[in-house]
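For reference, the chains in residue letters:
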Amino acid sequence: MSSKAIFQPPTPIRGGIPVLFPQYSNTGPLPSHGFVRNRFWKIDTNPPHLPSHPSSNARIDLILRSSEDDLKIWPHKYEFRLRVALGHQGDLTLTPRVKNSDRTPFNFTFAFHPYFSVSDISEIQVEGLHNLDYLDQQKNRTRFTDHCKVITFNSQLDRLYLSTPNKIRIVDHKKKKTIVVHKEGQVDAVVWNPWEKKVSDLGVEDYRRFVAVESAAVEKPITLKPGEEWKGVLQMSVVPSGCFTGKLGHKKSCIHSHT
Ligand SMILES: O=P(O)(O)OC[C@H]1O[C@H](O)[C@H](O)[C@@H](O)[C@@H]1O
């Protein structure tokens with residue numbers, strides 16, 4: 001959470017996990033990152049069935065429906081359900097479900113934008129995006145291939161990685177902990193740290209203590225016909241560093257630790 005976060009609408013909170021819908025960044029005509037990150041959700045007391053995550057013991061279901069104001073700038077009726085579940089080991093699972101409740105199809109782009117707390121941005125690395133193509137958002141989304149084994153940070157970085165694997169890791173060398181990000185239904189991933197670039201609502205030194213690793217569906221927008229629903233998953237857990245063999249997804253038995 002930014003030391004200068006503003007908790008007053010219509011400013012989105014600079015921290016936590018903003019939900020970017022129905023547009024990621026400035027990829028379309030809407031305000032940057034869409035409008036849902038500025039909205040208040042309701043508790044969904046009777047959500048449609050969704051299998052529980054095996055390790056979750058506490059959860060809340062939220063719902064957001066298109067308002068009259070939303071329809072003026074994005075004329076598509078939707079129902080957005082979000083389940084937030086906390087697992088026994090402190091892992092957090094978000095399950096977004098977007099339903100087209102209109103009479104015509106619509107497209108959208110989407111991302112979860114978690115601000116992950118880290119010890120020091122210079123002491124971390126992001127793993128799992130080796131040899132993938134990315135659009136450099138500091139260079140008009142020019143396409144490059146990342147040949148580096150891991151991503152480290154020593155200046156501003158803002159990349160949209162395309163067709164990424166389901167697992168990405170943030171290794172924090174100072175804390176000796178690794179944040180494991182598992183995503184489904186969102187093939188892209190954004191890695192962002194503004195370094196010393198001026199960002200509204202961010203304290204001068206705040207860039208040192210976070211990294212944004214975002215699960216995203218951007219390059220190929222999601223299309224929903226009337227009545228259709230899209231579902232994604234974002235699961236985040238923390239393990240002691242070194243709990244993995246070389247291959248992503250092949251975990252050694254490790255006891256989870258709490259953040
Ligand atoms: O300032 P915001 O609208 O919250 O956006 C913050 C950042 O979000 C994403 O990570 C984008 O890749 C960045 O280009 C953007 O600067």
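Please read these numbers as outputs of a predicted model, since none were measured by experiment.

Thresholds, definitions, all that
- Residues numbered from 1 in each chain as written.
- Predicted model: local features only at pLDDT ≥ 70, side-chain atom pairs only at ≥ 80, totals over all residues.
- Heavy atoms only, no water.
- Helix = DSSP H or I, 4+ residues; strand = E, 2+ residues; numbered from the N terminus.
- Rg over C-alpha atoms; globule rule 2.2 N^0.38 Å.
- Contact = heavy atoms within 4.5 Å.
- Areas by Shrake-Rupley, 256 points an atom, 1.4 Å probe, with all protein chains shown as cover.
- Buried < 20%, exposed > 50% of the residue type's maximum accessible area, 1.4 Å probe, protein only.
- Pairing = 2+ DSSP bridges.
- Lys, Arg positive; Asp, Glu negative; His and termini not counted.
- Salt bridge = Lys/Arg side-chain N within 4 Å of Asp/Glu carboxyl O.
- Polar contact = N/O pair within 3.5 Å; in protein donor to acceptor, adjacent residues only side chain to side chain.
- UniProt positions renumbered as here; feature names shortened; annotations may be inferred.

## Some thoughts on the overall build of the protein chain
Okay, step 1: The helix and strand inventory of the protein chain stands at one helix and 18 strands.
Okay, step 2: Scaling as 2.2 N^0.38, a compact globule of 259 residues should have a C-alpha radius of gyration of about 18 Å, and the protein chain matches this with 18 Å.
Okay, step 3: Along the longest, intermediate and shortest principal axes, the C-alpha atoms of the protein chain span 50 × 40 × 35 Å.
Okay, step 4: In the protein chain, the share of contacts with a sequence separation of at least 24, taken over all contacts with a separation of at least 6, comes to 66%.
Okay, step 5: When the accessible surface of the protein chain is totalled, it reaches about 13200 Å², and 52% of it is carbon and sulfur.

## Focus: the pairing of strand β15 (residues 188-193)
Okay, step 1: Among the six residues of β15, six are classified as buried, and the element is accordingly described as predominantly covered.
Okay, step 2: Residues Asp188, Val190 and Trp192 line one face of β15 and the alternating positions Ala189, Val191 and Asn193 line the opposite face, and both faces are buried.
Okay, step 3: Two elements, strand β12 (residues 157-161) and β15, share five bridges in a ladder whose sense is antiparallel. Residue pairing in the sheet places Arg159 in a bridge with Val191 of β15.
Okay, step 4: Bridge count between β15 and strand β16 (residues 210-224): five bridges; the pairing is antiparallel. Residue pairing in the sheet places Val191 in a bridge with Val213 of β16.

## Focus on the side chain of Arg97
Okay, step 1: Assignment of secondary structure puts Arg97 in strand β5 (residues 92-100).
Okay, step 2: Buried charge without a partner: Arg97 forms no salt bridge, and the closest opposite charge is Glu229, 4.5 Å away.
Okay, step 3: Of the polar contacts made by the side chain of Arg97, one reaches the backbone oxygen of Pro48; its length is 3.2 Å.
Okay, step 4: There is a polar contact of 3.3 Å between the side chain of Arg97 and the backbone oxygen of His49.
Okay, step 5: Among residues more than four places away in sequence, those in contact with Arg97 are Pro47, Pro48, His49, Leu50, Glu79, Phe80, Arg81, Glu229, Trp230 and Lys231.

## Comments concerning the UniProt feature "active site" (unreviewed entry) in the protein chain
Okay, step 1: Per the UniProt annotation, the sites labelled "active site" (unreviewed entry) are His113 and Glu214. The largest pairwise C-alpha distance within this set of annotated residues, which runs over 102 residues, is 4.8 Å, so the set is compact in three dimensions.
Okay, step 2: If you trace the backbone, His113 turns up in the loop between β6 (106-112) and β7 (115-117).
Okay, step 3: For His113, a relative accessible area of 4% corresponds to the buried category.
Okay, step 4: Setting aside anything within four residues of it in sequence, one finds His113 in contact with Gly16, Ile17, Pro18, Leu20, His33, Trp192, Ala212 and Glu214.
Okay, step 5: If you trace the backbone, Glu214 turns up in strand β16.
Okay, step 6: For Glu214, a relative accessible area of 3% puts it in the buried group.
Okay, step 7: Filtering out sequence-adjacent residues up to four positions away, Glu214 remains in contact with Leu20, Tyr24, Ala111, Phe112, His113, Pro114, Asp188, Ala189, Val190 and Trp192.

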